[in-house]
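# Examination of the molecular architecture
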Amino acid sequence: MDDVRIVGIRCSRSFDDILKHFLSLGGDVILMDPAHVYGKDHIISAMMHAERAFRNNTNRSKTMLTETILYAAGERQISKALAKMKPKEGCGAMVVAAFGIKDLRLDAIDAAEDDSIITCTSEKADIGANPLGIRPEDLALEMVAMMDIQKQ
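The notes below deal with the structure included here. (Residues numbered from 1 in each chain as written. Predicted model: local features only at pLDDT ≥ 70, side-chain atom pairs only at ≥ 80, totals over all residues. Heavy atoms only, no water.)

## Thoughts on a nonpolar patch on the surface
A cluster of nonpolar side chains, namely L132, I134 and L139, defines an oily patch on the protein surface of about 270 Å² accessible area. Structurally, L139 can be placed in helix α6 (residues 136-150). (Patch = residues over 30% accessible without salt bridge, like charges linked within 9 Å, V, L, I, M, F, W, Y side chains within 5 Å. Areas by Shrake-Rupley, 256 points an atom, 1.4 Å probe, with all protein chains shown as cover. Salt bridge = Lys/Arg side-chain N within 4 Å of Asp/Glu carboxyl O. Helix = DSSP H or I, 4+ residues; strand = E, 2+ residues; numbered from the N terminus.)

The following block contains the structure:
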């Protein structure tokens, strides 16, 4: 996890342009819709669960990146997880999980870092009534952990 950076960015370029930019820097990257990211811990937890799934041969996908997306999305089906987590075209914001890329060189794609889009809020989490007062961030972590049970 030491070589992973999770940042929010604002950028008007297309998904494909942004993806090509980060891949050209020599690492791997996941680009996610900020509407479905509930804090940095949500993505870190998804990565940790994905690593464990590969270690225990319980992974559903062929790559760590896709497995991480499955956990982050809280979906069992890869197609549903990818559709849910892919940034919507034209939204101008996304969450970047960059693996093995030290300098993201955001200026090269006219992007600006904005970690406020990663922050979890009750509205973003769409949790509705919450009589127990559970933090939305904690609910997101529970969703990630529940994937292990759903995979069985």
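## Looking at the layout of surface pockets
When its volume is computed, the largest pocket comes out at roughly 270 Å³. Lining the largest pocket are 13 residues, with F15, V29, L31, I69 and L82 positioned closest to its centre. Where the lining of the largest pocket is concerned, the elements lending two or more residues are α1 (15-24), β2 (28-32), α3 (64-73) and α4 (78-85). If one sorts the elements of the lining of the largest pocket by residue count, β2 sits on top with four residues. Considering only residue class, the lining of the largest pocket consists of 10 nonpolar, one polar and two charged. (1 Å grid on protein atoms, 1.4 Å probe; cavity = no way out; pocket = protein on both sides within 12 Å on 5 of 7 lines; lining within 4 Å. Points joined across faces, edges and corners; volume = space filled by probe spheres on them. Nonpolar A, V, L, I, M, F, W, Y, C, P; charged D, E, K, R; others polar.)

## A closer look at the nonpolar core
Ranked by internal contacts, the top residues of the largest apolar core, which has 25 residues, are I6, M32, V37, I43, Y71, M85 and A97. Looking at this core, the elements that each hand over two or more residues are β1 (4-10), β2, α2 (40-55), α3, α4, β3 (93-99) and α6. Dropping the residues within four chain positions of it, A97 is found in contact with R5, I6, D28, V29, I30, M32 and I43. V7, L31, M94 and L104 belong to the second largest nonpolar core, which has 16 residues in total. (Core = buried A, V, L, I, M, F, W, Y, C linked by side-chain atoms within 4.5 Å. Buried < 20%, exposed > 50% of the residue type's maximum accessible area, 1.4 Å probe, protein only. Contact = heavy atoms within 4.5 Å.)

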